[in-house]
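Residue-level structural notes
So the chains spell out like this:
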Amino acid sequence: MKKFLSLMLAAVICTSLLAFTVYAEAEKSPVLRENSWRYKDGEAVADPYAAVMLTDPYHPDATFKGIDISHHQGEIDWEKVKQSGIDFAIIRCGYAEDKSEYDDRCWEYNASECERLGIPYGVYLYSYAENVEDAISEADHVLRLIDGKNLSIPVYYDLEENYMIETELDFAAVATAFCERIEAAGHPAGVYANLNWWTYYLTDECFDRWHRWLARWNTECGYDGKIALWQYYNMGAVEGIDTDVDMNFLIGTPADHKVWTEKLETPVLALADSTYEKPVLSWNAVEGAEKYQVWRKTGAEGRFVLAETTDKTTFTDESAQPPQTYSYMVKAICADSRIGNSYFSEAKTVVYMMPTPTVAPTPTAVPTPTTEPTPTAELTPTAEPTPTAEPTPTAEPTPTAEPTPTAEPTPTAVPTPTAEPTPTAEPTPTAVPTPTAEPTPTAVPIPTVEPTPTVEPTPTVEPTPTPAPVIRTTPMYRLYNPNSGEHFYTGSIEERDMLDTAGWIYEGIAWNAPTNSGQPVYRIYNPNSGDHHYTMSPEEKDILVSAGWIYEGIAWNSASADNIPLYRLYNPNADCGSHHYTGSTEERDFLVSAGWIFEGIGWFGMVK
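Computed from a predicted model, the values in this text were never measured in an experiment.

Some words on the packing of aromatic side chains
- What the rule picks out here adds up to 33 aromatic pairs.
- Here the aromatic rings of Tyr-124 and Trp-213 are separated by 5.9 Å at their centres, their planes lie at 80 degrees, and the arrangement is edge-to-face. Of the two residues, Tyr-124 is situated in strand β5 (residues 121-126) and Trp-213 in strand β8 (residues 211-215); the sequence distance between them amounts to 89 residues. Both residues of the pair, Tyr-124 and Trp-213, count as buried.
- A centroid spacing of 6.1 Å and a plane angle of 65 degrees characterise the contact between Tyr-477 and Tyr-506, whose relative ring orientation is edge-to-face. Taken together, the residues span a long stretch of sequence, with Tyr-477 in strand β19 (residues 473-480) and Tyr-506 in strand β21 (residues 505-514) at a distance of 29 residues.
- Overall, the relative accessible area of 32% leaves Tyr-506 in the partly exposed class.
- Over the ring of Phe-598 we find Arg-588; its NZ or CZ atom is 5.5 Å from the centre of that ring.

Following this line, the structure appears as structure tokens:
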């Protein structure tokens, strides 16, 4: 428990330091808060009137329904969004000039999820431009972020800041600078504004050159000009999004908005399902591709992020850390701006469970000492001074190999004693029929009949079926601490989830333990190294406790010896996580080849 408190305290300290760092970074640029007809001091402003009067929005040329989002919507479950019937999305990539601190913090996640799920999307940038130079920098901001992305909808310039009207900004000059820069890079451009702005401020004929995105929260569009998108509501509810969200209609056919008329071929990714080596990816060369992007997801609950950009058709993930599950996707990037990048390849997953093989060579050179079984047993004490000096208890695998005593079937063959029918053969005394010549005692055979039920030792033989309850098992969870290298095992869901929250990596169910039978496995904690140790030996437990370890109780029960063995290994070079337990012979053998010492069977587990 002390260790968990320490972990949580460390997490709080790290979070505080991170907050300080972010604050320090933020001071490099002025804090910009949206302040317009739909935002006040950076917060979205609800329009109760729109909520009351909006019933069935209608436009005769509306074809598809979509949403526009930013970090204001938080983390979105895009799979639910897609299942809800949303056809497209427009994502805010950032705001203001080209500085990384002005990137929308959810941009990368939102874009990668839309691409992963095949949701057509476009982007917009919220403008704070005060002149043409600002507008050019804002265009560069967008181009930096959409490099390598698969846009299906034009890049939109969001003009709505209140001060732009107050300062009588030259909207035509600013919009032209932005849109022409976007178009020069090969992307269609558009402008977003509300009905009031389109009617009174964005009236220059230059705006006819770009797509118009109209915001008017009403059942009717109310604008006579040509538009490409209509934002008809700001308080929509969509499955997978926890906040209100802007709702839009695509006006016209998809061809009116399509960015690319041609796309690169999608690469085919190859990757082994599992490996002891660093994950190695390969894919086919795609004609017209200038480079390739490799996207990676860590664990089952992670998200895909860009891991590498390369001009090769292979990639070795040197940053992968075992034990972990990784998923990868690859996409081809086109050199010709008139042709679209490829779609993502099908995702491939690899289970990388073993220690880095590059570390193995050095320890493998140590096989000579490991060949000396007896000294190797002495290595445990060297790592754990007094405690592990008790390798002899650990060598108890031989006693655990007491299958010979378990071979007590011979005693169970005590049917011979149960064959006590000899005593039950007391019919000889019952043969005292002579005095029992009295008919009434002859009724005594009824008690003599009792031996037959007493002969029911057969049901007493039912201890054999009593092991049936062993079928009741509980899963034992395996977690890994990437900082200390320790593996931790627990049957507690709460403990598992708390460690997962604290940064440990949940690796799944390691085995199942019986809940109503078996011998106890003790759990001991070293407050100095933070290491946990598990043993069936009361002697080893007591030695460790006398050496300063803390006994934390019975962790689980061991199954009988005819079940799955959990192998125990010792790392003579580690202070924390020095012992490892696994039911995998492959993992055991690999660790031994990497210099770990196999100490025998720690206990036995079961399948469900």
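Resuming the write-up.
Remarks on the sheet that holds strand β18 (residues 348-352)
- Strands sit in the order β12-β18-β17-β14-β15 across an open sheet of five strands; the sheet is mixed. Unpaired on one side and paired on the other, β12 (274-275) and β15 (305-310) mark the two borders of the sheet.

A look at the sheet that holds β5
- A barrel is described by the order of its strands in space; here eight strands give the closed sequence β3-β4-β5-β6-β7-β8-β9-β10, paired in mixed fashion. Averaged over all adjacent pairs, the angle separating strand axes in this sheet is 30 degrees, with direction ignored.
- Sheet analysis places strand β6 (residues 155-158) next to strand β7 (residues 189-194), joined by four bridges and oriented parallel. Its bridge partner lying in β7, Val-155 is registered against Ala-189.

Brief notes about the nonpolar core
- If you look at the biggest cluster of nonpolar residues, it comprises 79 residues, and the most contacted ones within it are Ile-67 and Trp-78.
- Ranked by residues supplied to this core, first place goes to helix α7 (residues 171-184) with eight residues.
- Residue contacts for Ile-67: discarding those within four places in its chain leaves Trp-78, Val-81, Ile-86, Phe-88, Ala-89, Ile-90, Val-238, Ile-241, Val-245, Asp-246, Met-247 and Asn-248.
- Listed in part, the 18 residues of the second largest apolar core include Leu-264, Leu-269, Val-330 and Cys-334.

With respect to the pairing of strand β3 (residues 62-69)
- Of the strand pairs in this sheet, β3 and strand β10 (residues 245-251) are connected by six bridges, and their pairing is antiparallel. Note that in β10 the partner of Lys-65 across the bridge is Phe-249.
- Where β3 and strand β4 (residues 88-95) come together, four bridges link them in parallel fashion. Note that in β4 the partner of Ile-69 across the bridge is Ile-91.

Some points on the side chain of Ser-558
- Within the fold, Ser-558 resides in strand β24 (residues 550-558).
- Its relative accessible area of 2% is what places Ser-558 among the buried residues.
- One polar contact links the side chain of Ser-558 to the main-chain amide nitrogen of Phe-604, over a distance of 3.0 Å.
- With residues near it in sequence (within four places) discarded, Ser-558 still touches Pro-514, Ser-517, Gly-518, Gln-519, Val-521, Met-536, Trp-603 and Phe-604.

Thoughts on the side chain of Ser-327
- Tracing the backbone through its elements, the reader meets Ser-327 in strand β17 (residues 324-334).
- Note on Ser-327: relative accessible area 7%, which makes it buried.
- Of note is the side chain of Ser-327, whose polar atom sits 2.9 Å from the side chain of Thr-349.
- With near-sequence residues (within four places) excluded, Ser-327 lies in contact with Trp-295, Arg-296, Lys-297, Phe-304, Lys-348 and Thr-349.

Things to note about the confidence of the model for the chain
- Averaged over every residue, the pLDDT of the chain is 77; the share at 70 or more is 73%.
- Predicted confidence in the chain is weakest over helix α11 (residues 373-383), with a mean pLDDT of 37, and strongest over β6, with 97.
- Confidence over residues 355-455 falls short of pLDDT 50; this stretch has 72 contacts with residues more than four positions distant or in other chains.
- Scored below 50 in pLDDT, residues 464-470 shows five contacts in the model against residues more than four places distant or in partner chains.

A few points about a nonpolar patch on the surface
- On the surface, a cluster of nonpolar side chains totalling about 250 Å² of accessible area is made up of Val-545, Tyr-551 and Ile-554.
- Tracing the sequence through the fold places Tyr-551 in strand β24.
- According to the relative accessible area criterion, Tyr-551 is partly exposed, its value standing at 35%.

Side note on the environment of His-72
- Along the polypeptide, His-72 turns up in the loop between β3 and α3 (78-83).
- For His-72, a relative accessible area of 22% corresponds to the partly exposed category.
- Note: C-alpha distance between His-72 and Arg-105 (33 residues apart in sequence) is 9.8 Å.
- His-72 has contacts with Glu-34, Tyr-39, Gly-42 and Thr-243, leaving out every residue within four places of it along the chain.
- Of the polar contacts made by the side chain of His-72, one reaches the side chain of Glu-34; its length is 3.2 Å.

Criteria and cut-off values
- Residues numbered from 1 in each chain as written.
- Predicted model: local features only at pLDDT ≥ 70, side-chain atom pairs only at ≥ 80, totals over all residues.
- Heavy atoms only, no water.
- Phe/Tyr/Trp six-rings, centres within 6.5 Å; stacked < 30°, edge-to-face > 60°.
- Helix = DSSP H or I, 4+ residues; strand = E, 2+ residues; numbered from the N terminus.
- Buried < 20%, exposed > 50% of the residue type's maximum accessible area, 1.4 Å probe, protein only.
- Lys NZ or Arg CZ within 6 Å of the ring centre and 35° of its normal.
- Pairing = 2+ DSSP bridges.
- Axes fitted to C-alpha atoms, helices over the stretch in contact; angles between N-to-C directions.
- Core = buried A, V, L, I, M, F, W, Y, C linked by side-chain atoms within 4.5 Å.
- Contact = heavy atoms within 4.5 Å.
- Polar contact = N/O pair within 3.5 Å; in protein donor to acceptor, adjacent residues only side chain to side chain.
- pLDDT = per-residue confidence, 0-100.
- Patch = residues over 30% accessible without salt bridge, like charges linked within 9 Å, V, L, I, M, F, W, Y side chains within 5 Å.
- Areas by Shrake-Rupley, 256 points an atom, 1.4 Å probe, with all protein chains shown as cover.
- Salt bridge = Lys/Arg side-chain N within 4 Å of Asp/Glu carboxyl O.

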